[in-house]
Amino acid sequence: MLQTIATVPTPRMIELLELIETANRNDAEPRLRDYLHHCRRTGYEPPAELLQLAREHIRRKQAC
């Protein structure tokens, strides 16, 4: 019998989801969006430094 186990997202995964939403709204690079979506689908938690780089890239994109 299969069991479903609910998991609570870690703070970094919550941060990733927020970053994906921001990237989608601000027309971020397709590769960045694809990578972030891949992380979400696979449950991979990117290092905080990588999330910070993505955030900075999106901020630069917003300024243009």
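Everything below is about the structure printed above this text.
Now for a description of the structure that goes with this document. (Residues numbered from 1 in each chain as written. Predicted model: local features only at pLDDT ≥ 70, side-chain atom pairs only at ≥ 80, totals over all residues. Heavy atoms only, no water.)

### Considerations on the nonpolar core
At step 1: Membership of the largest hydrophobic core is limited to 12 residues, which are Met13, Leu16, Leu19, Ile20, Ala23, Ala28, Leu32, Leu36, Cys39, Leu51, Ala54 and Ile58.
At step 2: Of all the secondary structure elements, the ones that give two or more residues to this core are α1 (11-25), α2 (30-42) and α3 (48-63).
At step 3: Element by element, the count of residues in this core is highest for α1, at 5 residues.
At step 4: Beyond its immediate stretch of four places on either side in the chain, methionine 13 contacts Cys39, Gly43, Tyr44 and Glu45. (Core = buried A, V, L, I, M, F, W, Y, C linked by side-chain atoms within 4.5 Å. Buried < 20%, exposed > 50% of the residue type's maximum accessible area, 1.4 Å probe, protein only. Helix = DSSP H or I, 4+ residues; strand = E, 2+ residues; numbered from the N terminus. Contact = heavy atoms within 4.5 Å.)

### Considering α1
At step 1: Helix length check: α1 (15 residues) gives 22 Å between terminal C-alpha atoms against 21 Å at 1.5 Å per residue, within 8%.
At step 2: Among all positions in α1, only Met13, Leu16, Leu19, Ile20 and Ala23 are buried. Seen along its axis, α1 keeps its buried residues to an arc of 115°; they face one direction. Seen from the buried face of α1, the exposed residues on the opposite side, beyond 90 degrees, are Pro11 and Arg25.
At step 3: Packed against the buried residues of α1 are α2 and α3.
At step 4: Count one or two residues on from α1 and you reach aspartate 27, which has phi positive near 50°. (Expected span 1.5 Å × (residues − 1). Arc of directions from axis to C-beta.)

### A look at the environment of tyrosine 35
At step 1: Looking at where tyrosine 35 falls in the secondary structure, it is placed in helix α2.
At step 2: Spatially, the C-alpha atoms of tyrosine 35 and proline 46 are 10.0 Å apart, while their sequence positions differ by 11 residues.

### Remarks on the packing of α1 against α3
At step 1: For the pair α1 and α3, the least separation of the axes is 11 Å and the interaxial angle reads 20°. The pairing of α1 with α3 is recorded here as roughly parallel in orientation. When you trace α1 past α3, the crossing you get is left-handed. Only Ala48, Leu51, Ala54, Arg55, Ile58 and Gln62 of α3 make contact with α1, whose side of the interface consists of Arg12, Glu15, Leu16, Leu19, Thr22 and Ala23.
At step 2: Class assignment for the residues of the contact of α1 with α3 results in 7 nonpolar, 2 polar and 3 charged. (Axes fitted to C-alpha atoms, helices over the stretch in contact; angles between N-to-C directions. Parallel < 35°, antiparallel > 145°, perpendicular 65-115°, else oblique. Left-handed = near helix turned anticlockwise from the far one by under 90°. Nonpolar A, V, L, I, M, F, W, Y, C, P; charged D, E, K, R; others polar.)

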